[in-house]
Amino acid sequence: MKALHLLIIGLVQGVGFRPFIARLASRHGLRGFVRNIGGSEVEVWVEGCEGDLEEFTASLFYEKPLVALIDYVFALEEEPRGYSSFSIEKSSSGVYTRSNIPPDFAICRDCLREVLDPGDRRYLYPFNSCAWCGPRFSMMYSTPYDRENTAMRKYILCHNCQREYRDPGDLRRYHAQGISCPVDGPRLKLLDRGFRVVETRDPIVEAARLIDEGYIVGVKGIGGYHIASLATSDDVVLELRRRKNRPRKPFAIMGLDTEVLKRLVYMEPSDEELLKSPQAPILLLPKKPDSPVSKYVSPELSHEGVFVAYTALHYLLLMNTRDKFLVMTSGNVHGEPMCRDEECAKSKLSGIVDYFLVHDREIVNRVDDSVVRKTSGEYVFLRRSRGYAPSWITINRDLGGEFIAFGGDLSSCGAVGFEDKIVLTQYVGDLDSLSAQGDLVNFIEFLVRNYHVGGLVKPIVVVDIHPRLYSRQLGLRYAREKGLDVFEVQHHYSHVVGAAIDNNLDGSLIGVALDGVGWGLDNTIWGAEVLYFNTHSYGFRRIGSIEPIPLTSDRDALIPLRLVVGYYAQRGFSLEDVYKHIGLNPDRRLSFELEAVYKLVERGKYTPASSTGRFLDMVAALLNPRVERSYEGEPAIWLEAQAWRGDLREVDDFDIREEGGVVRLDYDRVVDWVVENKFRLGCGTIARSVLYNYGYFLGELVLRGVKGLRVDYVVASGGAVVNEYIYRGLRDRLVQEDVKVYLPRRIPPGDGGLAFGQIAAASLYFAKNSS
């Protein structure tokens, strides 16, 4: 007889792991116990014959639940204690070590089958879940993941649910913490915009009927409120845009299943697999020309953001609509985070929606839908949230300390780091509002508490060097209040180090960072940077960039024509010549604004910006003077959409020259080519050609800049690197020299992954200075 004491680390709470262990132990004739521990790990004691113990430990890895992840197993051989059976014990609040906090999972096929089976007691039950699926993080107050630590604690299990919970033979509900049924679970009701109850036998069926009639309905999901409406009616979509003050930003489409979505978009088998996965993100896919979706859902864009019904509630709602797909967009007012409770919905959404479909389960943690796109066949995060956060990301090195990072201001996420793990918060959003700023701090605090950051080691707070970022100010205030030290990291260095560490790359690297705005070490704006760095030491060398564009104010990014005028003013054009050259006849208001920009540049009152985002904004404005930014990245997104409809032409008018040890990409002749050819070739061909050749010559910039340097890998990151044609151009040029470009895999390339890179960079500094 032998005994093993195991500590299992990974995603092992909230995934049916303890019941799995109990069944496995019983099958092998072993005795002992399994229990959850307060650090989100699982403790196991098993005793029995040596051969049975060996088979048990092997089966841990081969037969574990689908959504479980085992990172480490610590095992000690012990003296048997003489247990007579195997049991699931009450969880312990003590912490041996840290383990993963479970994210929310999409409804599994078995639970959905029950919901659709008239003979099942959970028939048409909108909150069905089991050990393998359903909400986790969004309803957690704290670890360990036990019912009493979640929003399900107020729902007392009925006799039948108790029987399932205690039955070791019930694979999906034995000791499953979030289970419920129509007798004992959350309750639904339909409310009008005044929050008065609408009397109806079935709130879901009535909500679906109202949507089909053209009404707009707020739907309380698992991580926050959605706003649902018809996607096929121009009038309804335009009214939704008017009420949300969202003139052009695309809406997402939720479909009943992938078969429904295939009517709307082109879908490859790998796309379908991702959409059907437990994470079930929104995925951007090419539109079909005969799609019945209103053109106003994603105006002038080439791709539709689609996802499947990932809860029984959403499925039942869509099932009862005529189209079987709907606009399903975030339930928020412009510039504010998504609502997660009835107070917020009543005060902020009543002017947008006509009715509310709500339930009485508390949403503890707001969790927006994750968004993924494909760039040259690679899946890339635009937003990492539901289904992924707050699970940790394991890296190939020990951080050498503990860190709390505050990220950036756009599509923001924070992070904590410890051991060989970095944990990103769920998506926060842009930090323009006080609500979003408060959420960033609260989300970070949740990770600090539940991953036990700072318990033994004093953490370092990491912020961006940009003096005007809200995230920086929040980090500085947090550090003051907690008595913590602060470390600053340059924006683009964070991006490329994050990409390298995310890919587990080691050695000397070139990082290509492409985005809109990041504060440079020379007190100018950077955003098209080629950096040389090493994963063994802190710091970088800037070896390449593009010619800067003059920025006179934040409004230049909102009205790209301002960039055009500032650019030509810098080249020495008179304002009249600018108008004549680009064929512009501005109205009085615009003329006043452009004249002010011209005078500021003429007097040298501007900040130079070597920014990919501003360069793309300027090209978009040259092709379409009416283009403005109503959401982040809009002109560049519009430009990429035009490129899908065009042909590729060779544009070799980029010039490369060296200036002060930095290789610069000059695009003056390319801008002239755009103006000369836009009517002859059309927007699509101009857009595709400029984007591809910009990426291609960035690749050339890399090759010129690395002469005499040892380079092991090349990574690319930043919000603009996901552009299909820029990335293709960069990749194609470097492939000619047998160089592969690595994109971030597990983090967003944009500012949603910035906090990850901040921690990676800070760890290099402190590792160097502690050795």
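Structural data are supplied above this passage.
All values derive from a computational prediction rather than experimental measurement.

**Q** So what's going on with the overall build of the protein chain? Which residues, and what values?
**A** Within the protein chain, the regular secondary structure consists of 23 helices and 30 strands. A globule of 771 residues ought to have a C-alpha radius of gyration of about 28 Å, and the protein chain, at 27 Å, matches this closely. Overall, the C-alpha framework of the protein chain stretches about 90 × 70 × 50 Å when taken along its three principal axes. The 771 residues of the protein chain split such that 63% are buried. Contacts in the protein chain between residues at least 24 apart in sequence constitute 73% of all its contacts with a sequence separation of at least 6. Accessible area for the protein chain stands at about 29300 Å²; split by element, carbon and sulfur atoms hold 48% of it. Of note, the protein chain has its 95 positive side-chain charges centred 3 Å away from the centre of its 103 negative side-chain charges.

**Q** Account for helix α12 (residues 470-482), naming residues and giving values.
**A** The terminal C-alpha atoms of α12, which comprises 13 residues, lie 18 Å apart, in line with the 18 Å expected from a rise of 1.5 Å per residue. The inward-facing, buried residues of α12 contact β17 (403-405), α11 (434-450), β20 (460-464) and β21 (486-489). Following α12 by one or two positions, G483 adopts a phi angle in the positive range, close to 70°.

**Q** Any chance you could break down the pattern of salt bridges for me, citing the residues and the numbers?
**A** All chains considered together, the criterion is met by 59 salt bridges. Here R746 makes a salt bridge to D502, at a shortest N to O gap of 2.8 Å. Taken as a pair, R746 in the loop between β30 (741-742) and α23 (754-770) and D502 in helix α13 (residues 491-502) lie far apart in primary sequence, 244 residues in all. By relative accessible area, which is 23% here, R746 ends up partly exposed. Close ionic contact of E737 with R733 constitutes a salt bridge, the shortest N to O distance being 3.1 Å. The class of E737 is partly exposed, set by a relative accessible area of 41%. On the basis of relative accessibility, which here comes to 10%, the residue R733 falls in the buried class. Here the salt bridges share partners, and the residues they tie into one network are R193, E239, R242, R243 and D354.

**Q** Could you give an account of the sheet that holds strand β4 (residues 69-78), naming the residues involved and the relevant values?
**A** By way of backbone hydrogen bonds, the strands of a sheet pair with one another, either parallel or antiparallel. If you walk across this open sheet you meet the 5 strands as β4-β1-β3-β2-β5, and the pairing is mixed. Both outer strands of the open sheet, β4 and β5 (86-88), are each paired with one neighbouring strand and no more. In this sheet, adjacent strand axes meet at a mean angle of 15° when their direction is disregarded. Of the pairings in the sheet, the one linking strand β1 (residues 2-11) to β4 comprises 9 bridges and is antiparallel in character. When the sheet's bridge partners are listed, G10 is paired in β4 with I70.

**Q** Just give me the short version of the packing of helix α21 (residues 683-705) against helix α22 (residues 724-735), but keep the residues and values in it.
**A** Where α21 meets α22, the axes come as close as 7 Å, and the angle between the chain directions of the two elements is 40°. Between α21 and α22, the angle is such that the two are oblique. For the pair α21 and α22, the sense of crossing is right-handed. Contact residues: R688, L691, Y692, Y694, G695, Y696, L698, G699, E700, V702 and L703 in α21; Y725, I726, R728, G729, L730, D732, R733 and L734 in α22. The class makeup of the residues in the contact of α21 with α22 is 11 nonpolar, 3 polar and 5 charged.

Here is what the cut-offs are and how they apply
- Residues numbered from 1 in each chain as written.
- Predicted model: local features only at pLDDT ≥ 70, side-chain atom pairs only at ≥ 80, totals over all residues.
- Heavy atoms only, no water.
- Helix = DSSP H or I, 4+ residues; strand = E, 2+ residues; numbered from the N terminus.
- Rg over C-alpha atoms; globule rule 2.2 N^0.38 Å.
- Buried < 20%, exposed > 50% of the residue type's maximum accessible area, 1.4 Å probe, protein only.
- Contact = heavy atoms within 4.5 Å.
- Areas by Shrake-Rupley, 256 points an atom, 1.4 Å probe, with all protein chains shown as cover.
- Lys, Arg positive; Asp, Glu negative; His and termini not counted.
- Charge placed at Lys NZ, Arg CZ, Asp CG, Glu CD.
- Expected span 1.5 Å × (residues − 1).
- Salt bridge = Lys/Arg side-chain N within 4 Å of Asp/Glu carboxyl O.
- Pairing = 2+ DSSP bridges.
- Axes fitted to C-alpha atoms, helices over the stretch in contact; angles between N-to-C directions.
- Parallel < 35°, antiparallel > 145°, perpendicular 65-115°, else oblique.
- Left-handed = near helix turned anticlockwise from the far one by under 90°.
- Nonpolar A, V, L, I, M, F, W, Y, C, P; charged D, E, K, R; others polar.

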